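Spelled out from the first residue to the last, the chains are:
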2 protein chains.
Amino acid sequence: MTSTDLNRPICVLGLGLIGGSLLRDLAGRNHPAYGYDRSTASVRAAGREGFDTSSDLTGILSRAEEEGALIVLATPMPAIAGLLDALGEHAPSCGFTDVVSVKTEISQLVHQRGMDNRYVGGHPMAGTANSGWTASHKGLFTRAAWVVTYDHAENADREWIELWSDVVRLVATVGAEAVPARVAHHDAAVARISHLVHVFAETLAVVGDNGGTLAQSLAASSFRDSTRVASTQPALVQAMCETNAPAVVSALDEAMEILAETREALSGPEPDLSGLAEAGYSARERFEARHGARRESVSPIKISSRPLLRLQPGTKGWIRHLEHAESLGARIEIF
Amino acid sequence: MTSTDLNRPICVLGLGLIGGSLLRDLAGRNHPAYGYDRSTASVRAAGREGFDTSSDLTGILSRAEEEGALIVLATPMPAIAGLLDALGEHAPSCGFTDVVSVKTEISQLVHQRGMDNRYVGGHPMAGTANSGWTASHKGLFTRAAWVVTYDHAENADREWIELWSDVVRLVATVGAEAVPARVAHHDAAVARISHLVHVFAETLAVVGDNGGTLAQSLAASSFRDSTRVASTQPALVQAMCETNAPAVVSALDEAMEILAETREALSGPEPDLSGLAEAGYSARERFEARHGARRESVSPIKISSRPLLRLQPGTKGWIRHLEHAESLGARIEIF
């Protein structure tokens, strides 16, 4: 697949880490793309680097409408409802996707506005603890999983299927791997492997800090790595975890049960951590085995660790193919 | 301080990650040093690289006794009692230190054998998830904190003070920073910033694994970093946490209380993570501010982030100086 398969221009709303990196990658591949941010400082900084950007939301939406652009909502969750309303008013026929890390709430906002047929949910599993245009960079999405939701597929018309296909093409254009997932499954999965990670990192940071100066002086690389994401802006972590609260609570309950058992096993006259130590080691080994191909290698050729499923959107049985791909955590390509 | 200040040869018992790296650094600085491992494979591998090593424990201890060497116990905890007995028999006048990550239990073993006046506890805060001679390398200890215990100082004679000074010199010789701490304070601190980190990493690895193939496929760098130490051999994690069980349980209780509060705050109709998100962010910022000088920098000159206290062991008030240094997490130098 090449970028020429994607025929719509891309209009990126929000030029933070994700939106900014997306604009850089698209421009770097000569795909027509332009961006908006409410921060005039970000817009000016991007403009100085030669990017086509604006802080006039109405203007950029009118342009998107005129050009039949695919709109990418790349702001934090709290700004989404306002953007949807603006889309309804100024770009009423544009299809759109998003990069928000929780899919339930945004799907509901879209549904409440009767926009389901114009929307495909997305979530690139890429990021750093840094945020804003200055943190954005080319290549952020290389070989990253980029979830594309498909709950609407059963009720979809030709227009939505074309939109869905273009979102998958957009993902491929920036070097990411499209992984199909239903909204609820995505949110449950990221609660485990992302939101719980933030909650744990922040808890460790606090317990370490409570240890005072000696403990902080002794903290080394294991503490540094495991608390790294606690450097993320609190508002971003709140937006993720609070909008995905039921799934986060469920993952947290599972974790707290393990910790309670561990506490019990360490409290007796013969402290015994073997259960957790072995289970954790095996789980981590499986993770490494699955992701092995993406580890640093001496070979310049990087191979994806995800199985590949190719499909033709809209053909008979394509939803079953998507369900199969989802169950494998597979990447998909359109042919 | 230069390595010539350290006049005793060093006898390293155990050539794993820590012992092997210590031997490499000492040999690299031309300080007389030799090593023992019960694994003939490790001894042969080290020998092929030109290191003076043996798998004959009695032989190497007799040599240490003859040469007045400083012995470093660098095996995992389960082997320590046997080594202490061997030291009592074959190297009865040598002073010794250790690198075990928990100090209470080894101090008790030493005390039970009436060896307090020959022993100074140590713990280098350096390591990777890998172990064994093949994982050892030069420079592992550069700017790492290396705890040196001093509980025995109040009852110490001239011989012990000389031994203590030589352990501090050994630490400096390999580029580490000697941080004085009492046994109980050390064990409480490492429970927070190291052992709890292992328990959390293993718990996250298990909860992520329980999410199945989709969750594992979506797991990205935050999950990878926060579960990294779950790759440590389970036996090593068990040895650390089980021998430090009371302090680990105490740190775990503190963490579980935070998690329980977080669960509560996320469970209501208005989920709210602000408390933890802000506390975790601030704690992590303080950690970064403290360790800032050790971050990667464009400058070739690296400056320690720990305050420096210089002292003369055995002089009036030196124990108060040590207590002060401990409360600051400071590094010490002998003048």
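Rules and cut-offs
- Residue positions are given per chain, counted from 1 along the sequence in the order it is written.
- Think of it this way: whatever chain is written first is A, whatever ligand is written first is 1, and the rest follow in order.
- Owing to the predicted nature of the model, reporting of local features is limited to residues with pLDDT of at least 70; listing and counting of side-chain atom pairs is limited to 80 or more, with chain, interface and lining totals taken over all residues.
- Water and hydrogen atoms were dropped before computing side-chain values, which therefore reflect all heavy atoms in the structure.
- UniProt positions are given in the numbering used here, feature names are shortened, and annotations may be inferred rather than shown by experiment.
- Only DSSP runs of H or I reaching four residues or more are called helices, and only runs of E reaching two or more are called strands; each is numbered from the N terminus.
- As defined in this context, the radius of gyration uses C-alpha atoms, and a globule is described by 2.2 Å times the residue total to the power 0.38.
- When accessible area is computed with a 1.4 Å probe and restricted to protein chains, residues below 20% of their type maximum are described as buried, those above 50% as exposed, and intermediate ones as partly exposed.
- Contacts are assigned to residue pairs that have any heavy atoms within 4.5 Å of one another.
- All accessible-area figures derive from a Shrake-Rupley calculation using a 1.4 Å probe, and residue coverage is judged against the displayed protein chains alone.
- Here the positive residues are Lys and Arg and the negative ones are Asp and Glu; neither His nor the chain ends is included.
- Every charge is mapped to an atom, namely NZ of Lys, CZ of Arg, CG of Asp or CD of Glu.
- One bridge is not enough; two strands pair if DSSP finds at least two bridges between them.
- Simply put, an axis is a line fit to the C-alpha atoms, just over the touching stretch for a helix, and the angle between two N-to-C directions goes from 0 to 180 degrees.
- Orientation is classified from the angle alone, with under 35 degrees giving roughly parallel, over 145 giving roughly antiparallel, 65 to 115 giving roughly perpendicular, and any other angle giving oblique.
- By definition, turning the near helix anticlockwise from the far helix through less than a right angle yields a left-handed crossing, and turning it clockwise yields a right-handed one.
- In this count, Pro and Cys sit with the nonpolar residues alongside Ala, Val, Leu, Ile, Met, Phe, Trp and Tyr, while Asp, Glu, Lys and Arg are called charged and the others, Gly among them, polar.

Chain A has the name Prephenate dehydrogenase in an unreviewed UniProt entry, where Corynebacterium alimapuense is given as its organism. In its Sequence similarities (unreviewed entry) section, the UniProt entry covering chain A states "Belongs to the prephenate/arogenate dehydrogenase family."

Once that is clear, we can look at the overall build of chain A. Looking only at helices and strands, chain A features 13 helices and 11 strands. Taken over C-alpha atoms, the radius of gyration comes to 21 Å for chain A, in line with the 20 Å a tight globule of 335 residues would show. By principal-axis analysis of the C-alpha atoms, chain A measures approximately 75 × 50 × 45 Å. Going through the 335 residues of chain A one by one, you find that 58% of them count as buried. Long-range pairs, those at least 24 residues apart, make up 69% of the contacts in chain A with a sequence separation of at least 6. Roughly 13,100 Å² of accessible area belongs to chain A as shown, and the carbon and sulfur atoms make up 49% of that amount. Side-chain charges of chain A comprise 30 positive and 40 negative groups, with the mean position of each set lying 7 Å from the other.

Residues and elements named next belong to chain A. A sheet is described by the order of its strands in space; here six strands give the open sequence E3-E2-E1-E4-E5-E6, paired in parallel fashion. Every other strand in the sheet has two partners, leaving strand E3 (53-54) and strand E6 (119-120) as the edge strands with one partner each. Pairing analysis gives two bridges linking strand E2 (residues 33-36) to E3, with the strands arranged parallel. Its bridge partner being in E3, Gly 35 is matched across the sheet by Thr 53.

Turning our eyes to something else, we now look at the packing of helix H11 (residues 245-267) of chain A against helix H11 (residues 245-267) of chain B. Running from N to C, H11(A) and H11(B) cross one another at 160 degrees; their axes reach a closest spacing of 10 Å. With respect to each other, H11(A) and H11(B) are oriented roughly antiparallel. Between H11(A) and H11(B) lies a crossing of left-handed hand. Contact residues: H11(A) offers Ala245(A), Val248(A), Val249(A), Leu252(A), Asp253(A), Met256(A), Leu259(A), Ala260(A), Thr262(A), Arg263(A), Leu266(A) and Ser267(A), while H11(B) offers Ala245(B), Val248(B), Val249(B), Leu252(B), Asp253(B), Met256(B), Leu259(B), Ala260(B), Thr262(B), Arg263(B), Leu266(B) and Ser267(B). Counted by class, the contact of H11(A) with H11(B) contains 16 nonpolar, four polar and four charged residues.

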